[in-house]
Amino acid sequence: MFGKSIAIVFALGLMATALLALRHQRFEQVAEISRGHWRLQEQERDIGRRRAAVATAVKPDAVRKAIAALKLDWQPIPYRMDAPNKPTQPRLATRQEPDEERDRPTVEFGG
């Protein structure tokens, strides 16, 4: 009887240790994900600061003067390269149903 109780206590201790290890592993994964999000936010903030620094350093008149000094034939960049083409004819949100289809029920019940 004493041997069985020792085995049960040992098994329960082993299961508790395994459970504790799994919980610790889960907490470590959550912490790593949190650190990853923090690094991502810091990088996005850094990009925003750098964009602001470039925007304050570059003046439109200075860009125009630099372009004129190069004496090249520059083309402006279009506003949107992926703009959809205008439709050739108007598009309707719904189609018109013929009168005989409109009056007939679309779902029939029964055998």
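To start, this report covers the structure provided alongside it. (Residues numbered from 1 in each chain as written. Predicted model: local features only at pLDDT ≥ 70, side-chain atom pairs only at ≥ 80, totals over all residues. Heavy atoms only, no water.)

## Some thoughts on the overall build of the chain
The criterion, for reference: Helix numbers and strand numbers start at the N terminus; a helix is a DSSP run of H or I with at least 4 residues, a strand a run of E with at least 2. Relative accessibility decides the category of a residue: with a 1.4 Å probe and only protein chains considered, values under 20% of the type maximum give buried, values over 50% give exposed, and everything between is partly exposed. All accessibility values rest on the Shrake-Rupley procedure with a 1.4 Å probe; residue burial counts only the protein chains present in the view.
A tally of helices and strands in the chain yields 3 helices and 0 strands. Scanning the chain from its N terminus toward the C terminus, one meets helices and strands in the order α-α-α. The 111 residues of the chain split such that 0% are buried. Of the roughly 11,600 Å² that the chain leaves accessible, carbon and sulfur atoms contribute 62%.

## Thoughts on the packing of aromatic side chains
To keep things clear, this is the line we draw: The rule is short: rings of Phe, Tyr and Trp, with Trp giving its six-membered ring, pair when the centres are within 6.5 Å, and they are stacked under 30 degrees, edge-to-face over 60, tilted in between. Two limits define a charge over a ring: the Lys NZ or Arg CZ must be within 6 Å of the ring centre, and within 35 degrees of the ring normal.
Tallied over the full model, the rule gives 0 aromatic pairs. The side chain of arginine 26 reaches across the aromatic face of phenylalanine 27, ending 5.5 Å from its centre. We note arginine 45 situated over the ring of tryptophan 38; from NZ or CZ to the ring centre the distance is 5.5 Å.

## Re the pattern of salt bridges
The condition that has to hold: Definition used for salt bridges: Asp or Glu carboxyl oxygen within 4 Å of a side-chain nitrogen of Lys or Arg.
For the structure shown, the criterion picks out 6 salt bridges. The shortest N-O distance in the salt bridge between glutamate 32 and arginine 35 comes to 3.0 Å. Note that glutamate 32 and arginine 35 are positioned in helix H1 (residues 2-57) at a spacing of 3 residues, about one turn of the helix. Accessibility expressed as a relative area gives 41% for arginine 35, which makes it partly exposed. For arginine 45, the salt bridge goes to glutamate 42, with nearest N and O atoms at 2.6 Å. In this pair, arginine 45 and glutamate 42 are both assigned in helix H1, 3 residues apart and thus about one turn of the helix distant.

## Details of helix H2 (residues 60-70)
A small share of H2 lies buried, amounting to 0 of its 11 residues. Positioned one or two residues after H2, lysine 71 has a phi angle of 55°, which is positive.

## Quick look at unusual backbone geometry
Positive phi, close to 55°, is recorded for lysine 71, a residue that is not glycine. Examined against the element boundaries, lysine 71 turns out to sit in the loop between H2 and helix H3 (99-103).

## Description of a nonpolar patch on the surface
Cut-off, in case you're wondering: Each patch is assembled from residues with relative accessible area greater than 30% and no salt bridge, linking like charges that lie within 9 Å and nonpolar side chains (Val, Leu, Ile, Met, Phe, Trp, Tyr) that lie within 5 Å.
Residues Val54, Val58, Val63, Ile67, Leu70, Leu72 and Trp74 make up a contiguous nonpolar surface patch of about 650 Å² in total accessible area. By residue number, the principal contributor to the nonpolar patch is H2, which donates 3 residues. Among the secondary structure elements, valine 54 is positioned in helix H1.

Everything listed here is a matter of geometry and, on its own, says nothing about what the molecule does.
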